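Observations on the model geometry
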Amino acid sequence: MVEQKYRKLVSILQDMKRIVVAYSGGVDSTLLLKVAVDTLGVDNVLAVTADSETYPTSELEEAKRLAKKIGARHQVIETSELAIPGYTENDKNRCYFCKNSLFDHLVPIMEDKGYKNIVYGVIADDLSEYRPGMQAAKEQGVRGPLAEATLYKEEIRELSKEMELDTWNKPSFACLSSRIAYGEKITQAKLSKVEKSEAFLKTVGIRQVRVRTHEEIARIEVEPQDMQKLLANHQRITEKLQSYGYKYVTMDLVGYKSGSMNKALS
């Protein structure tokens, strides 16, 4: 089944001929970039990464390394989500504003350099979740080959492992703004607080982590097997996160859940 989906992905990319890949260095966009380069050739694929306030420096450096290892052409552009009208208000359409702005940057690159299509790493799992960014992609004619091939996250990891991509078991990542509760204004200070907090938590051996921010409260999500690490290091963690500006530091007993902030929308 996975091999059949892979062949469909290859066929979709072949029809596109020359593409710009919106590339973050995550599990999904890295597989998409790898298959695109293998299918279309280096000269027909350009990976573009948007460096902004919501994208940690560590992720940017990893994206650069992975693109180089794949052998892809890679361009980094400077963007600012905080400058997008409507974005910092952080309502339920935040991701629409973000993706719409990203594609606004990518369309001129595509046109100026003679590429035919823009693609991004939306996957089959996303189709059943609240993803307003998909509407922006639809409006701008940006395609999601992984979703079109009905590839799910676990299948993408399986293919990534077969291709010996370092990302095959990389923890899922989303922009730092996704950590801030809807309706709470997004600021550079809050984004920096989240980034530093998650970086610190990784030093105690936790790979998959979210520091969800509710004003002065840090609600830490980790996978159930890592909860004991939080408890074992609770004093260090509390002191460090409070030094970053949180007043209360808590652990979510449900554990890590992608898109958990969307519960507030229902």
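Thresholds, definitions, all that
Residues numbered from 1 in each chain as written. Predicted model: local features only at pLDDT ≥ 70, side-chain atom pairs only at ≥ 80, totals over all residues. Heavy atoms only, no water. Phe/Tyr/Trp six-rings, centres within 6.5 Å; stacked < 30°, edge-to-face > 60°. Buried < 20%, exposed > 50% of the residue type's maximum accessible area, 1.4 Å probe, protein only. Helix = DSSP H or I, 4+ residues; strand = E, 2+ residues; numbered from the N terminus. Lys NZ or Arg CZ within 6 Å of the ring centre and 35° of its normal. Arc of directions from axis to C-beta. UniProt positions renumbered as here; feature names shortened; annotations may be inferred. Contact = heavy atoms within 4.5 Å. Axes fitted to C-alpha atoms, helices over the stretch in contact; angles between N-to-C directions. Left-handed = near helix turned anticlockwise from the far one by under 90°. Nonpolar A, V, L, I, M, F, W, Y, C, P; charged D, E, K, R; others polar. Lys, Arg positive; Asp, Glu negative; His and termini not counted. Salt bridge = Lys/Arg side-chain N within 4 Å of Asp/Glu carboxyl O. Polar contact = N/O pair within 3.5 Å; in protein donor to acceptor, adjacent residues only side chain to side chain.

This paragraph deals with the packing of aromatic side chains. A complete count under the given rule lists 2 aromatic pairs for this structure. Note on Tyr-96 and Phe-97: the rings are 5.9 Å apart at their centroids and 75 degrees apart in plane angle, and the pair reads as edge-to-face. Taking the relative accessible area as the measure of exposure, Phe-97 reaches 24% and is therefore partly exposed. Ring centres 5.6 Å apart and planes at 75 degrees place the aromatic pair Phe-103 and Tyr-120 in the edge-to-face group. With Phe-103 in helix 4 (residues 94-112) and Tyr-120 in the loop between strand 4 (117-119) and helix 5 (133-140), the pair connects residues that are 17 residues apart, well separated along the chain. Judged by relative accessible area, Phe-103 falls into the buried class, the value being 0%. You can call Tyr-120 buried: its relative accessible area is 9%. Taking the ring centre of Trp-168 as reference, the NZ or CZ of Lys-161 above it sits at 4.5 Å. The positively charged end of Lys-193 is found above the aromatic ring belonging to Tyr-246, 4.3 Å away from the centroid.

A separate point is helix 5. Turning to helix 5, its buried residues are Gly-133, Ala-136 and Ala-137. Axial view of helix 5: buried residues confined to an arc of 100 degrees, hence all on one face. Directly beyond the C-terminal end of helix 5, a positive phi value near 70 degrees is found at Gly-141.

In this section: the UniProt feature "active site" (unreviewed entry) in the protein chain. Residues annotated by UniProt as "active site" (unreviewed entry) correspond here to Cys-175. On the secondary structure map, Cys-175 appears in the loop between helix 7 (153-162) and helix 8 (188-202). You can call Cys-175 partly exposed: its relative accessible area is 22%. If sequence neighbours within four positions are ignored, Cys-175 has contacts with Thr-54 and Tyr-87.

Here we take up the packing of helix 1 (residues 2-16) against helix 2 (residues 27-40). It is at 10 Å that the axes of helix 1 and helix 2 come closest, and there the two elements cross at 65 degrees. Here helix 1 runs over helix 2; the crossing is right-handed. Facing Tyr-6, Leu-9, Val-10, Leu-13 and Gln-14 of helix 1, the residues of helix 2 in contact are Leu-32, Val-35, Ala-36, Thr-39 and Leu-40. Considering only residue class, the contact of helix 1 with helix 2 consists of 8 nonpolar, 2 polar and no charged.

So, on to the side chain of Glu-53. For Glu-53, the location among the structural elements is in the loop between strand 2 (45-51) and helix 3 (57-70). Comment: no salt bridge for buried Glu-53; closest opposite-charge side chain is Arg-94, at 12 Å. A polar atom in the side chain of Glu-53 sits 2.4 Å from the side chain of Ser-80. Look past the residues within four positions of Glu-53 in its chain and what remains in contact with it is Thr-79, Ser-80, Glu-81, Leu-82, Leu-176, Gln-188 and Leu-191.

Bringing the environment of Gly-183 into the picture now. Note that Gly-183 resides in the loop between helix 7 and helix 8. Taking the relative accessible area as the measure of exposure, Gly-183 reaches 61% and is therefore exposed. Sequence separation between Gly-183 and Lys-116 is 67 residues, and the spatial gap between their C-alpha atoms is 38 Å. Sequence-distant contacts of Gly-183, defined by excluding residues within four places in its chain, comprise Glu-89 and Asn-90.

Counted under the stated rule, the structure contains 18 salt bridges. Ionic pairing is found between Lys-34 and Asp-38, a salt bridge with its closest N-O pair at 3.4 Å. Here Lys-34 pairs with Asp-38, and both are found in helix 2, just 4 residues apart, close to one helical turn. Its salt-bridge partner being Glu-216, residue Lys-247 comes within 3.6 Å of it at the nearest N-O pair. Taken together, the residues span a long stretch of sequence, with Lys-247 in the loop between helix 10 (234-243) and strand 7 (248-251) and Glu-216 in the loop between strand 5 (209-214) and strand 6 (217-222) at a distance of 31 residues. For Glu-216, a relative accessible area of 39% gives the class partly exposed.

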